[in-house]
Amino acid sequence: MKILNPATGAMLANLAADSAKTVRAKYERARAAQPAWAATPIRQRLTAIRKFREILADRQPDLAQTLSLEVGKPIRQSRNELNGLAGRIDFFLEHTERALRDEKVFADPQGKLEERIGHVPLGVIANISAWNYPYFVGGNVFVPALAAGNAVLYKPSEFATLTGMHIEDMLHAAGIPDDVFIAVVGDGKTGGALLRQPVDGVFFTGSYATGAKIAASTGRRMIKTQLELGGKDPIYVCDDVDVPAAAAAVADGAFYNTGQSCCSVERVYVHQKIYDAFVAAFVAAVKGFKVGDPLDDATYIGAITRKPQLAILQKQVADAKKKGAKLLLGGGAIKGRGNWFAPTVLANVDHSMQLMRDESFGPIIGLMAVADDRAAVELMNDTEFGLTAGVYTTSEKRAKRILAQVAAGTVYWNCCDRVSPRLPWSGVKHSGIGLTLSTYGIQTFTRPKAWHLRG
Ligand code: NAD
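K.L.:
Is there a simple way to think about the overall build of the protein in this case?
P.N.:
Summing up its helical and strand segments, the protein has 14 helices and 20 strands in all. In terms of C-alpha radius of gyration, the protein reaches 23 Å, essentially the compact-globule figure of 23 Å for 455 residues. Dimensions of the protein along its principal axes, counting C-alpha atoms only, are 70 × 60 × 40 Å. Out of the 455 residues belonging to the protein, those deemed buried represent 56%. Here the analysis covers contacts within the protein between residues at least 6 apart in sequence; of these, 71% occur between residues at least 24 apart. Of the charged side chains in the protein, 54 are positive and 44 negative, and the gap between their average positions amounts to 4 Å.

Written out as C-alpha coordinates, the structure is:
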(Lines give C-alpha, C1' and ligand atoms only; values in the text may rest on other atoms or scores of the structure.)
Protein backbone atom coordinates (compact mmCIF):
# COMPACT_ATOMS: atom_id res chain seq x y z
CA MET A 1 0.00 0.00 0.00
CA LYS A 2 1.62 3.21 -1.16
CA ILE A 3 0.81 6.24 0.96
CA LEU A 4 1.15 9.40 -1.15
CA ASN A 5 1.27 13.04 -0.16
CA PRO A 6 -1.68 14.57 -2.08
CA ALA A 7 -0.02 17.99 -2.10
CA THR A 8 3.10 16.80 -3.94
CA GLY A 9 2.51 13.26 -5.16
CA ALA A 10 5.59 12.13 -3.17
CA MET A 11 5.51 8.73 -1.49
CA LEU A 12 5.30 8.96 2.31
CA ALA A 13 5.32 5.24 3.13
CA ASN A 14 4.94 1.81 1.63
CA LEU A 15 3.03 -0.54 3.93
CA ALA A 16 1.70 -4.06 3.86
CA ALA A 17 -2.10 -4.15 3.88
CA ASP A 18 -3.99 -6.76 5.89
CA SER A 19 -5.03 -9.91 4.05
CA ALA A 20 -8.24 -11.88 4.63
CA LYS A 21 -6.16 -14.19 6.84
CA THR A 22 -4.65 -11.46 9.04
CA VAL A 23 -8.06 -9.77 9.36
CA ARG A 24 -9.47 -13.06 10.64
CA ALA A 25 -6.62 -13.43 13.16
CA LYS A 26 -7.22 -9.86 14.39
CA TYR A 27 -10.92 -10.56 14.79
CA GLU A 28 -10.16 -13.68 16.86
CA ARG A 29 -7.80 -11.75 19.14
CA ALA A 30 -10.44 -9.06 19.69
CA ARG A 31 -13.14 -11.65 20.39
CA ALA A 32 -10.99 -13.38 22.99
CA ALA A 33 -10.02 -10.11 24.71
CA GLN A 34 -13.41 -8.38 24.86
CA PRO A 35 -15.02 -10.11 27.90
CA ALA A 36 -12.15 -9.15 30.22
CA TRP A 37 -12.30 -5.56 28.96
CA ALA A 38 -16.06 -5.43 29.56
CA ALA A 39 -15.44 -6.75 33.09
CA THR A 40 -12.81 -4.06 33.79
CA PRO A 41 -14.33 -1.39 36.06
CA ILE A 42 -15.59 1.56 34.04
CA ARG A 43 -13.38 4.00 35.97
CA GLN A 44 -10.32 2.03 34.90
CA ARG A 45 -11.46 2.08 31.27
CA LEU A 46 -11.96 5.84 31.50
CA THR A 47 -8.50 6.27 33.04
CA ALA A 48 -7.03 4.82 29.85
CA ILE A 49 -9.13 7.21 27.73
CA ARG A 50 -7.94 10.14 29.89
CA LYS A 51 -4.35 9.05 29.34
CA PHE A 52 -4.99 8.85 25.59
CA ARG A 53 -6.14 12.47 25.71
CA GLU A 54 -2.88 13.47 27.46
CA ILE A 55 -0.76 11.67 24.86
CA LEU A 56 -2.72 13.38 22.06
CA ALA A 57 -1.91 16.77 23.60
CA ASP A 58 1.79 15.93 24.13
CA ARG A 59 2.22 14.68 20.58
CA GLN A 60 0.13 17.36 18.88
CA PRO A 61 2.89 18.85 16.67
CA ASP A 62 3.92 15.54 15.09
CA LEU A 63 0.33 14.23 14.81
CA ALA A 64 -0.80 17.43 13.07
CA GLN A 65 2.15 17.18 10.68
CA THR A 66 1.35 13.56 9.75
CA LEU A 67 -2.31 14.43 9.17
CA SER A 68 -1.45 17.39 6.96
CA LEU A 69 1.10 15.37 5.00
CA GLU A 70 -1.18 12.43 4.27
CA VAL A 71 -4.52 14.18 3.63
CA GLY A 72 -3.31 17.64 2.53
CA LYS A 73 -5.20 19.42 5.34
CA PRO A 74 -3.90 22.90 6.23
CA ILE A 75 -1.79 22.55 9.38
CA ARG A 76 -3.86 24.98 11.48
CA GLN A 77 -6.95 22.93 10.66
CA SER A 78 -5.10 19.73 11.65
CA ARG A 79 -4.34 21.32 15.03
CA ASN A 80 -7.97 22.42 15.35
CA GLU A 81 -9.07 18.84 14.72
CA LEU A 82 -6.77 17.51 17.44
CA ASN A 83 -7.98 20.16 19.90
CA GLY A 84 -11.55 19.37 18.93
CA LEU A 85 -11.04 15.67 19.66
CA ALA A 86 -9.73 16.57 23.12
CA GLY A 87 -12.99 18.48 23.74
CA ARG A 88 -15.05 15.49 22.63
CA ILE A 89 -13.04 13.18 24.91
CA ASP A 90 -13.74 15.56 27.81
CA PHE A 91 -17.45 15.20 27.11
CA PHE A 92 -17.22 11.39 27.10
CA LEU A 93 -15.12 11.38 30.28
CA GLU A 94 -17.74 13.48 32.03
CA HIS A 95 -20.85 11.63 30.85
CA THR A 96 -20.05 7.96 30.21
CA GLU A 97 -20.53 6.66 33.74
CA ARG A 98 -23.90 8.32 34.12
CA ALA A 99 -25.10 7.36 30.61
CA LEU A 100 -24.30 3.69 31.20
CA ARG A 101 -25.53 3.39 34.78
CA ASP A 102 -28.32 0.87 35.40
CA GLU A 103 -31.68 2.61 35.71
CA LYS A 104 -34.40 1.52 38.10
CA VAL A 105 -37.57 2.40 36.19
CA PHE A 106 -40.15 0.79 38.45
CA ALA A 107 -40.48 -0.60 42.00
CA ASP A 108 -43.86 -1.62 43.37
CA PRO A 109 -44.75 -0.24 46.82
CA GLN A 110 -44.58 -3.70 48.42
CA GLY A 111 -41.03 -4.13 47.17
CA LYS A 112 -41.93 -7.34 45.33
CA LEU A 113 -41.22 -6.22 41.79
CA GLU A 114 -38.45 -4.13 40.37
CA GLU A 115 -37.78 -3.25 36.74
CA ARG A 116 -34.35 -2.07 35.59
CA ILE A 117 -32.62 -1.16 32.35
CA GLY A 118 -29.02 -2.26 32.00
CA HIS A 119 -26.56 -1.29 29.25
CA VAL A 120 -24.51 -4.17 27.89
CA PRO A 121 -21.59 -3.58 25.48
CA LEU A 122 -22.26 -4.84 21.96
CA GLY A 123 -19.08 -6.96 21.94
CA VAL A 124 -16.63 -6.71 19.05
CA ILE A 125 -17.38 -3.86 16.67
CA ALA A 126 -16.00 -2.84 13.26
CA ASN A 127 -15.25 0.87 12.95
CA ILE A 128 -14.73 1.70 9.26
CA SER A 129 -13.67 5.29 8.91
CA ALA A 130 -13.29 8.15 6.42
CA TRP A 131 -10.16 10.22 5.77
CA ASN A 132 -11.49 13.79 5.90
CA TYR A 133 -11.53 14.10 9.71
CA PRO A 134 -9.91 10.87 10.90
CA TYR A 135 -9.61 12.02 14.52
CA PHE A 136 -13.19 13.28 14.66
CA VAL A 137 -15.09 10.57 12.83
CA GLY A 138 -12.90 7.81 14.28
CA GLY A 139 -12.96 9.26 17.80
CA ASN A 140 -16.75 9.65 17.76
CA VAL A 141 -16.86 5.86 17.57
CA PHE A 142 -13.82 4.28 19.19
CA VAL A 143 -13.69 6.53 22.28
CA PRO A 144 -17.23 5.83 23.57
CA ALA A 145 -17.17 2.26 22.20
CA LEU A 146 -14.05 1.43 24.22
CA ALA A 147 -15.33 3.29 27.26
CA ALA A 148 -18.51 1.19 27.09
CA GLY A 149 -16.53 -2.07 27.15
CA ASN A 150 -16.38 -3.07 23.47
CA ALA A 151 -13.38 -4.32 21.53
CA VAL A 152 -12.83 -2.27 18.36
CA LEU A 153 -11.47 -3.36 15.00
CA TYR A 154 -10.64 0.01 13.50
CA LYS A 155 -10.12 0.37 9.76
CA PRO A 156 -8.84 3.84 8.99
CA SER A 157 -9.37 5.08 5.47
CA GLU A 158 -6.57 4.06 3.12
CA PHE A 159 -6.00 7.83 2.73
CA ALA A 160 -5.41 8.32 6.47
CA THR A 161 -3.53 5.14 7.35
CA LEU A 162 -0.55 6.75 9.08
CA THR A 163 -2.91 8.69 11.35
CA GLY A 164 -4.80 5.45 12.05
CA MET A 165 -1.57 3.75 13.08
CA HIS A 166 -0.69 6.66 15.39
CA ILE A 167 -4.12 6.31 16.99
CA GLU A 168 -3.49 2.61 17.62
CA ASP A 169 -0.06 3.30 19.16
CA MET A 170 -1.44 6.03 21.43
CA LEU A 171 -4.39 3.97 22.67
CA HIS A 172 -2.07 1.08 23.52
CA ALA A 173 0.39 3.43 25.25
CA ALA A 174 -2.57 4.80 27.23
CA GLY A 175 -3.44 1.38 28.62
CA ILE A 176 -6.06 0.02 26.21
CA PRO A 177 -5.05 -3.67 25.86
CA ASP A 178 -3.40 -4.49 22.52
CA ASP A 179 -6.17 -6.92 21.56
CA VAL A 180 -9.03 -4.60 22.55
CA PHE A 181 -8.23 -1.96 19.94
CA ILE A 182 -6.71 -3.26 16.72
CA ALA A 183 -6.11 -1.31 13.51
CA VAL A 184 -6.94 -3.14 10.29
CA VAL A 185 -4.95 -1.63 7.46
CA GLY A 186 -6.04 -1.48 3.84
CA ASP A 187 -8.56 -0.21 1.33
CA GLY A 188 -12.17 -1.15 0.57
CA LYS A 189 -11.18 -4.77 -0.08
CA THR A 190 -9.80 -5.03 3.44
CA GLY A 191 -12.96 -3.31 4.71
CA GLY A 192 -14.94 -6.05 2.94
CA ALA A 193 -12.84 -8.75 4.65
CA LEU A 194 -13.50 -7.10 8.01
CA LEU A 195 -17.24 -7.09 7.37
CA ARG A 196 -17.16 -10.84 6.71
CA GLN A 197 -16.12 -11.45 10.35
CA PRO A 198 -18.94 -12.23 12.80
CA VAL A 199 -18.73 -8.83 14.52
CA ASP A 200 -21.53 -7.55 16.74
CA GLY A 201 -21.85 -4.10 15.21
CA VAL A 202 -20.67 -2.01 12.25
CA PHE A 203 -20.05 1.70 12.60
CA PHE A 204 -19.26 3.24 9.24
CA THR A 205 -18.41 6.76 8.14
CA GLY A 206 -18.04 7.39 4.43
CA SER A 207 -19.92 7.83 1.19
CA TYR A 208 -23.52 6.88 0.49
CA ALA A 209 -22.35 4.49 -2.24
CA THR A 210 -20.22 2.45 0.16
CA GLY A 211 -22.73 2.81 3.01
CA ALA A 212 -25.50 1.33 0.89
CA LYS A 213 -23.31 -1.70 0.06
CA ILE A 214 -22.47 -2.17 3.74
CA ALA A 215 -26.11 -1.96 4.79
CA ALA A 216 -26.99 -4.61 2.19
CA SER A 217 -24.25 -6.92 3.45
CA THR A 218 -25.11 -6.61 7.16
CA GLY A 219 -28.89 -6.52 6.71
CA ARG A 220 -29.43 -10.26 6.98
CA ARG A 221 -27.16 -10.61 10.02
CA MET A 222 -29.27 -8.64 12.50
CA ILE A 223 -26.33 -6.69 13.86
CA LYS A 224 -26.36 -3.04 14.70
CA THR A 225 -25.26 -1.02 11.66
CA GLN A 226 -24.72 2.72 11.84
CA LEU A 227 -23.99 4.71 8.70
CA GLU A 228 -22.76 8.31 8.76
CA LEU A 229 -22.78 9.33 5.14
CA GLY A 230 -22.54 12.31 2.84
CA GLY A 231 -24.46 15.54 2.56
CA LYS A 232 -25.49 18.32 0.21
CA ASP A 233 -25.96 20.82 2.97
CA PRO A 234 -27.89 24.03 2.22
CA ILE A 235 -27.74 27.50 3.72
CA TYR A 236 -30.46 30.09 3.18
CA VAL A 237 -29.49 33.74 3.67
CA CYS A 238 -32.51 35.95 4.42
CA ASP A 239 -32.91 39.58 3.36
CA ASP A 240 -32.38 41.02 6.87
CA VAL A 241 -28.74 40.04 7.50
CA ASP A 242 -25.48 41.95 7.76
CA VAL A 243 -24.40 40.95 4.25
CA PRO A 244 -20.56 41.00 4.53
CA ALA A 245 -20.66 39.16 7.88
CA ALA A 246 -23.05 36.48 6.60
CA ALA A 247 -21.07 36.09 3.35
CA ALA A 248 -17.80 35.61 5.28
CA ALA A 249 -19.38 33.03 7.62
CA VAL A 250 -20.97 31.04 4.79
CA ALA A 251 -17.75 31.14 2.71
CA ASP A 252 -15.88 29.69 5.69
CA GLY A 253 -18.53 26.97 6.02
CA ALA A 254 -18.15 26.09 2.34
CA PHE A 255 -14.34 26.19 2.04
CA TYR A 256 -13.00 25.09 5.45
CA ASN A 257 -11.10 21.79 5.18
CA THR A 258 -10.90 22.58 1.45
CA GLY A 259 -14.63 21.86 1.23
CA GLN A 260 -14.00 18.23 2.18
CA SER A 261 -16.31 18.05 5.20
CA CYS A 262 -19.46 15.98 5.44
CA CYS A 263 -21.18 19.14 6.75
CA SER A 264 -19.54 21.62 4.39
CA VAL A 265 -21.99 24.14 2.99
CA GLU A 266 -22.70 22.73 -0.50
CA ARG A 267 -25.62 24.92 -1.65
CA VAL A 268 -26.33 28.59 -0.93
CA TYR A 269 -29.75 30.21 -1.44
CA VAL A 270 -29.91 33.96 -1.09
CA HIS A 271 -33.01 36.14 -0.83
CA GLN A 272 -33.28 38.03 -4.12
CA LYS A 273 -33.33 41.43 -2.37
CA ILE A 274 -29.71 41.05 -1.25
CA TYR A 275 -28.47 38.57 -3.88
CA ASP A 276 -26.14 40.89 -5.82
CA ALA A 277 -24.58 42.38 -2.69
CA PHE A 278 -24.18 38.91 -1.16
CA VAL A 279 -22.52 37.47 -4.28
CA ALA A 280 -19.99 40.34 -4.36
CA ALA A 281 -19.19 39.97 -0.65
CA PHE A 282 -18.94 36.18 -0.97
CA VAL A 283 -16.47 36.36 -3.86
CA ALA A 284 -14.40 38.92 -1.93
CA ALA A 285 -14.30 36.57 1.08
CA VAL A 286 -13.19 33.59 -1.03
CA LYS A 287 -10.49 35.67 -2.76
CA GLY A 288 -9.04 36.21 0.73
CA PHE A 289 -8.44 32.47 1.28
CA LYS A 290 -4.79 31.51 0.85
CA VAL A 291 -4.25 28.38 -1.22
CA GLY A 292 -0.92 26.69 -0.64
CA ASP A 293 1.43 24.36 1.16
CA PRO A 294 -0.61 22.50 3.81
CA LEU A 295 2.33 22.78 6.22
CA ASP A 296 2.32 26.59 6.02
CA ASP A 297 0.49 28.25 8.92
CA ALA A 298 -1.00 30.89 6.60
CA THR A 299 -2.69 28.31 4.33
CA TYR A 300 -6.47 28.04 4.40
CA ILE A 301 -7.12 25.88 1.31
CA GLY A 302 -5.02 22.73 0.99
CA ALA A 303 -4.81 19.80 -1.42
CA ILE A 304 -7.61 17.56 -2.68
CA THR A 305 -7.02 14.30 -0.84
CA ARG A 306 -8.24 11.86 -3.50
CA LYS A 307 -7.11 12.44 -7.07
CA PRO A 308 -10.33 11.14 -8.73
CA GLN A 309 -12.23 13.97 -7.02
CA LEU A 310 -10.57 16.48 -9.38
CA ALA A 311 -12.45 15.02 -12.36
CA ILE A 312 -15.76 15.08 -10.43
CA LEU A 313 -15.30 18.76 -9.56
CA GLN A 314 -14.31 19.58 -13.15
CA LYS A 315 -17.41 17.80 -14.44
CA GLN A 316 -19.70 19.70 -12.05
CA VAL A 317 -18.24 23.02 -13.24
CA ALA A 318 -18.60 22.11 -16.93
CA ASP A 319 -22.18 20.89 -16.44
CA ALA A 320 -23.16 24.04 -14.51
CA LYS A 321 -21.59 26.36 -17.10
CA LYS A 322 -23.30 24.50 -19.94
CA LYS A 323 -26.67 24.94 -18.20
CA GLY A 324 -26.24 28.69 -17.69
CA ALA A 325 -24.29 29.19 -14.46
CA LYS A 326 -21.92 32.12 -14.26
CA LEU A 327 -18.36 31.26 -13.22
CA LEU A 328 -17.12 34.01 -10.89
CA LEU A 329 -13.93 32.47 -9.52
CA GLY A 330 -11.65 29.49 -10.18
CA GLY A 331 -13.19 26.73 -12.24
CA GLY A 332 -10.46 24.15 -12.64
CA ALA A 333 -7.55 22.11 -11.33
CA ILE A 334 -4.34 23.94 -10.51
CA LYS A 335 -1.55 22.49 -12.64
CA GLY A 336 1.60 21.09 -11.10
CA ARG A 337 2.49 18.32 -8.70
CA GLY A 338 -0.17 16.89 -6.42
CA ASN A 339 -3.97 17.34 -6.47
CA TRP A 340 -5.14 20.95 -6.41
CA PHE A 341 -8.38 22.66 -7.35
CA ALA A 342 -8.84 26.43 -7.43
CA PRO A 343 -11.50 27.81 -5.06
CA THR A 344 -14.54 28.03 -7.33
CA VAL A 345 -17.70 30.11 -7.09
CA LEU A 346 -20.60 29.78 -9.53
CA ALA A 347 -23.62 32.09 -9.49
CA ASN A 348 -27.06 31.80 -11.10
CA VAL A 349 -27.15 28.04 -10.56
CA ASP A 350 -30.30 25.90 -10.45
CA HIS A 351 -31.35 22.37 -9.54
CA SER A 352 -30.91 20.98 -13.03
CA MET A 353 -27.15 21.12 -12.37
CA GLN A 354 -25.09 18.32 -10.79
CA LEU A 355 -23.42 20.99 -8.67
CA MET A 356 -26.69 21.47 -6.76
CA ARG A 357 -27.59 17.77 -6.56
CA ASP A 358 -24.49 15.60 -6.06
CA GLU A 359 -22.04 15.92 -3.19
CA SER A 360 -19.10 18.02 -4.44
CA PHE A 361 -16.65 17.44 -1.56
CA GLY A 362 -14.24 20.11 -2.70
CA PRO A 363 -13.60 23.87 -2.80
CA ILE A 364 -16.53 24.72 -5.03
CA ILE A 365 -19.95 26.27 -4.41
CA GLY A 366 -23.09 27.41 -6.21
CA LEU A 367 -25.11 30.51 -5.26
CA MET A 368 -28.77 30.82 -6.20
CA ALA A 369 -31.32 33.64 -5.74
CA VAL A 370 -34.71 32.77 -4.21
CA ALA A 371 -37.93 34.78 -4.13
CA ASP A 372 -39.04 34.08 -0.56
CA ASP A 373 -38.79 31.78 2.47
CA ARG A 374 -41.23 29.27 1.03
CA ALA A 375 -39.20 28.80 -2.13
CA ALA A 376 -36.05 28.48 -0.01
CA VAL A 377 -37.56 25.68 2.12
CA GLU A 378 -38.66 23.82 -0.99
CA LEU A 379 -35.19 24.02 -2.52
CA MET A 380 -33.43 23.08 0.71
CA ASN A 381 -35.52 19.90 0.89
CA ASP A 382 -35.06 19.09 -2.80
CA THR A 383 -32.17 16.69 -2.20
CA GLU A 384 -31.45 13.03 -1.55
CA PHE A 385 -29.43 14.04 1.51
CA GLY A 386 -30.28 15.42 4.97
CA LEU A 387 -27.23 15.96 7.15
CA THR A 388 -27.33 19.67 8.08
CA ALA A 389 -29.10 22.86 6.98
CA GLY A 390 -28.86 26.46 8.15
CA VAL A 391 -30.48 29.87 7.99
CA TYR A 392 -28.93 33.33 8.41
CA THR A 393 -31.42 35.93 9.64
CA THR A 394 -31.70 38.41 12.49
CA SER A 395 -35.11 36.92 13.43
CA GLU A 396 -35.06 33.88 15.70
CA LYS A 397 -38.75 33.29 15.00
CA ARG A 398 -38.20 33.27 11.25
CA ALA A 399 -35.19 30.94 11.58
CA LYS A 400 -37.10 28.46 13.74
CA ARG A 401 -40.11 28.53 11.43
CA ILE A 402 -37.93 27.74 8.41
CA LEU A 403 -35.71 25.15 10.10
CA ALA A 404 -38.69 23.24 11.52
CA GLN A 405 -39.70 22.50 7.93
CA VAL A 406 -36.29 21.25 6.77
CA ALA A 407 -35.49 17.52 6.82
CA ALA A 408 -31.99 17.32 8.29
CA GLY A 409 -30.32 15.72 11.30
CA THR A 410 -28.82 19.04 12.39
CA VAL A 411 -30.06 22.62 11.85
CA TYR A 412 -28.23 25.89 12.40
CA TRP A 413 -29.36 29.44 13.03
CA ASN A 414 -26.62 31.96 12.15
CA CYS A 415 -23.91 29.32 12.08
CA CYS A 416 -22.90 26.34 9.92
CA ASP A 417 -20.34 23.54 9.52
CA ARG A 418 -20.39 23.04 13.28
CA VAL A 419 -20.43 19.87 15.40
CA SER A 420 -20.95 19.74 19.17
CA PRO A 421 -20.16 16.72 21.37
CA ARG A 422 -23.25 17.57 23.43
CA LEU A 423 -25.64 17.11 20.49
CA PRO A 424 -26.44 13.96 18.52
CA TRP A 425 -24.79 13.82 15.09
CA SER A 426 -27.09 12.06 12.64
CA GLY A 427 -28.48 12.25 9.14
CA VAL A 428 -31.77 11.56 7.42
CA LYS A 429 -32.38 10.15 3.93
CA HIS A 430 -29.09 9.27 2.17
CA SER A 431 -27.07 10.97 4.91
CA GLY A 432 -27.34 7.85 7.00
CA ILE A 433 -28.86 6.04 9.90
CA GLY A 434 -27.94 6.00 13.58
CA LEU A 435 -25.94 8.62 15.43
CA THR A 436 -22.79 9.48 17.30
CA LEU A 437 -22.03 12.08 20.01
CA SER A 438 -24.22 13.28 22.89
CA THR A 439 -25.20 10.81 25.61
CA TYR A 440 -27.19 8.88 22.96
CA GLY A 441 -23.86 8.43 21.19
CA ILE A 442 -22.50 6.67 24.28
CA GLN A 443 -25.49 4.38 24.75
CA THR A 444 -25.45 3.48 21.06
CA PHE A 445 -22.42 1.24 21.71
CA THR A 446 -24.48 -0.87 24.10
CA ARG A 447 -27.73 -2.75 23.91
CA PRO A 448 -30.40 -2.24 26.54
CA LYS A 449 -31.08 -5.26 28.74
CA ALA A 450 -34.48 -5.35 30.48
CA TRP A 451 -34.47 -6.79 34.02
CA HIS A 452 -37.76 -7.94 35.63
CA LEU A 453 -36.89 -8.75 39.25
CA ARG A 454 -39.55 -10.31 41.44
CA GLY A 455 -38.37 -10.84 45.00
P1 NAD B 1 -15.64 5.95 1.20
O2 NAD B 1 -17.04 5.46 1.23
O3 NAD B 1 -14.89 5.91 -0.09
O4 NAD B 1 -14.72 5.13 2.23
C5 NAD B 1 -15.02 5.07 3.61
C6 NAD B 1 -14.36 3.84 4.21
O7 NAD B 1 -14.98 2.66 3.69
C8 NAD B 1 -12.87 3.70 3.91
O9 NAD B 1 -12.22 3.24 5.07
C10 NAD B 1 -12.87 2.64 2.81
O11 NAD B 1 -11.66 1.92 2.74
C12 NAD B 1 -14.00 1.75 3.23
N13 NAD B 1 -14.62 0.94 2.17
C14 NAD B 1 -14.73 1.22 0.85
N15 NAD B 1 -15.40 0.24 0.21
C16 NAD B 1 -15.73 -0.68 1.16
C17 NAD B 1 -16.43 -1.93 1.12
N18 NAD B 1 -16.96 -2.41 0.00
N19 NAD B 1 -16.59 -2.60 2.28
C20 NAD B 1 -16.10 -2.10 3.44
N21 NAD B 1 -15.43 -0.95 3.53
C22 NAD B 1 -15.24 -0.24 2.40
O23 NAD B 1 -15.66 7.44 1.78
P24 NAD B 1 -14.46 8.47 1.99
O25 NAD B 1 -14.01 9.00 0.67
O26 NAD B 1 -13.44 7.91 2.90
O27 NAD B 1 -15.19 9.64 2.80
C28 NAD B 1 -15.89 10.68 2.19
C29 NAD B 1 -17.38 10.52 2.41
O30 NAD B 1 -17.64 10.39 3.81
C31 NAD B 1 -18.18 11.74 1.99
O32 NAD B 1 -19.36 11.33 1.36
C33 NAD B 1 -18.49 12.43 3.33
O34 NAD B 1 -19.62 13.27 3.28
C35 NAD B 1 -18.68 11.26 4.22
N36 NAD B 1 -18.50 11.63 5.62
C37 NAD B 1 -19.61 11.64 6.43
C38 NAD B 1 -19.49 12.01 7.75
C39 NAD B 1 -20.68 12.05 8.66
O40 NAD B 1 -20.50 12.22 9.86
N41 NAD B 1 -21.90 11.92 8.17
C42 NAD B 1 -18.23 12.40 8.26
C43 NAD B 1 -17.14 12.37 7.41
C44 NAD B 1 -17.28 11.98 6.08
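K.L.:
I tried to follow the sheet that holds strand β20 (residues 446–454) on my own but got confused; where do I start?
P.N.:
Strands belonging to one sheet form pairs held by backbone hydrogen bonds; the direction of such a pair is parallel or antiparallel. In space, the 3 strands of this open sheet follow the order β3-β4-β20, with antiparallel pairing throughout. The two strands at the open ends of the sheet, each matched to only one other strand, are β3 (103–107) and β20. Sheet twist, expressed as the average angle between the axes of neighbouring strands with direction ignored, equals 20°. Direction of pairing for strand β4 (residues 113–121) relative to β20: antiparallel, over a ladder of 9 bridges. The partner of G118 across the bridge, within β20, is K449.

K.L.:
Just to check I follow, could you spell out the nonpolar core for this structure?
P.N.:
A general feature of soluble globular proteins is that nonpolar side chains tend to end up buried together. Residues F52, V237, F255, F278 and F282 are the most contacted members of the largest nonpolar core, which totals 88 residues. In this structure, F255 is in contact with F282, V286, F289, Y300, I301, P343, T344, V345, P363, I364 and I365, ignoring residues within four places of it in sequence. Ranked by size, the runner-up nonpolar core spans 29 residues in total, among them Y236, L310, V377 and V406.

K.L.:
Help me understand the packing of helix α2 (residues 42–58) against helix α4 (residues 75–100), please; the structure alone is not making it clear to me.
P.N.:
Packed helices, taken two at a time, are described by the angle their axes make and the gap between the axes. With their axes 10 Å apart at the nearest point, α2 and α4 run at an angle of 170° to one another. Judged on the interaxial angle alone, α4 and α2 are roughly antiparallel. Across the interface between the two elements, I42, R43, L46, I49, R50, F52, R53 and L56 of α2 pack against L82, L85, A86, I89, D90, L93, T96, E97 and L100 of α4. Here the contact of α2 with α4 is composed, by residue class, of 11 nonpolar, 1 polar and 5 charged.

K.L.:
I would appreciate a short explanation of the pairing of strand β11 (residues 265–271) in the present structure.
P.N.:
Side chains on a regular strand alternate between the two faces of the sheet. Along β11, 7 of the 7 residues are buried, which leaves the element largely enclosed by surrounding structure. In terms of strand pairing, strand β10 (residues 233–237) meets β11 through 5 bridges, oriented parallel. Its bridge partner lying in β11, D233 is registered against V265. Bridge analysis of β11 against strand β14 (residues 364–370) gives 5 bridges, and the strand direction is parallel.

K.L.:
Mind showing me how you'd approach the site of the ligand here?
P.N.:
Neighbouring the ligand are 30 residues; S129, E158, S207, T210 and E359 lie closest to it. Within the side chain of W131, one N or O atom sits 2.8 Å away from an oxygen atom of the ligand. Take G188: an N or O atom from its main chain is 3.5 Å from an oxygen atom of the ligand. For the shell around the ligand, the secondary structure elements donating two or more residues are α7 (188–195), β8 (201–205) and α8 (208–218). Residue contributions to the shell around the ligand peak at 4 residues, all from α7.

K.L.:
How should I be thinking about unusual backbone geometry in this particular structure?
P.N.:
Only a minority of non-glycine residues have a phi that is not negative, and only a minority of peptide bonds are not trans. Non-glycine residue M222 carries a positive phi angle of around 55°. Counting through the fold element by element, M222 comes out in the loop between α8 and β9 (224–228). Overall, the relative accessible area of 71% leaves M222 in the exposed class. Of note, the phi angle at N348 is positive, near 55°, even though the residue is not glycine.

K.L.:
What should I look at first to understand the packing of helix α5 (residues 134–147) against helix α6 (residues 161–173) in this one?
P.N.:
Relative to each other, α5 and α6 sit at 30°, their axes nearing to 11 Å. One way to sum up the angle between α5 and α6 is to call them roughly parallel. The way α5 lies across α6 gives a crossing that is right-handed. Across from P134, Y135, F142 and L146 in α5, the residues of α6 making contact are T163, H166, I167, M170 and L171. Residues belonging to the contact of α5 with α6 are distributed by class as follows: 7 nonpolar, 2 polar and no charged.

K.L.:
Looking at this model, I keep getting lost on helix α11 (residues 308–322). Mind explaining?
P.N.:
Along an α-helix, residues three or four apart share an orientation, since each turn contains 3.6 residues. When the terminal C-alpha atoms of α11 are compared, their 22 Å separation across 15 residues agrees well with the 21 Å that a helix rising 1.5 Å per residue should span. All of the buried residues along α11 are Q309, L310, L313, Q316, V317, D319 and A320. On its buried face, α11 is in contact with β13 (344–347) and β14. Following α11 by one or two positions, G324 has its phi on the positive side, about 110°.

K.L.:
What should I look at first to understand the sheet that holds strand β12 (residues 326–329) in this one?
P.N.:
With mixed pairing, 7 strands are arranged side by side in an open sheet as β12-β13-β14-β11-β10-β15-β16. The sheet is open, and its two borders are formed by β12 and β16 (410–413), each paired with just one other strand. Ignoring strand direction, the axes of neighbouring strands in this sheet form an average angle of 20°. Each of β10, β11, β13, β14 and β15 (388–392) is contacted by helix α9 (residues 243–255), which is oriented at about 160° to β11, the strand it contacts most.

K.L.:
What should I look at first to understand the packing of aromatic side chains in this one?
P.N.:
Between two aromatic rings, the relevant description is the distance of the centres plus the angle of the planes. Under the definition given, this model contains 13 aromatic pairs. Where F142 meets Y154, the ring centres are 5.5 Å apart and the plane angle is 75°; that geometry is what we call edge-to-face. Of the two residues, F142 sits in helix α5 while Y154 sits in strand β6 (residues 151–155), which places them 12 residues apart along the sequence. Classification of F142 as buried rests on a relative accessible area of 0%.

Each value, and the rule that gives it
- Residues numbered from 1 in each chain as written.
- Predicted model: local features only at pLDDT ≥ 70, side-chain atom pairs only at ≥ 80, totals over all residues.
- Heavy atoms only, no water.
- Helix = DSSP H or I, 4+ residues; strand = E, 2+ residues; numbered from the N terminus.
- Rg over C-alpha atoms; globule rule 2.2 N^0.38 Å.
- Buried < 20%, exposed > 50% of the residue type's maximum accessible area, 1.4 Å probe, protein only.
- Contact = heavy atoms within 4.5 Å.
- Lys, Arg positive; Asp, Glu negative; His and termini not counted.
- Charge placed at Lys NZ, Arg CZ, Asp CG, Glu CD.
- Pairing = 2+ DSSP bridges.
- Axes fitted to C-alpha atoms, helices over the stretch in contact; angles between N-to-C directions.
- Core = buried A, V, L, I, M, F, W, Y, C linked by side-chain atoms within 4.5 Å.
- Parallel < 35°, antiparallel > 145°, perpendicular 65-115°, else oblique.
- Nonpolar A, V, L, I, M, F, W, Y, C, P; charged D, E, K, R; others polar.
- Near = heavy atom within 4 Å.
- Polar contact = N/O pair within 3.5 Å; in protein donor to acceptor, adjacent residues only side chain to side chain.
- Left-handed = near helix turned anticlockwise from the far one by under 90°.
- Expected span 1.5 Å × (residues − 1).
- Phe/Tyr/Trp six-rings, centres within 6.5 Å; stacked < 30°, edge-to-face > 60°.

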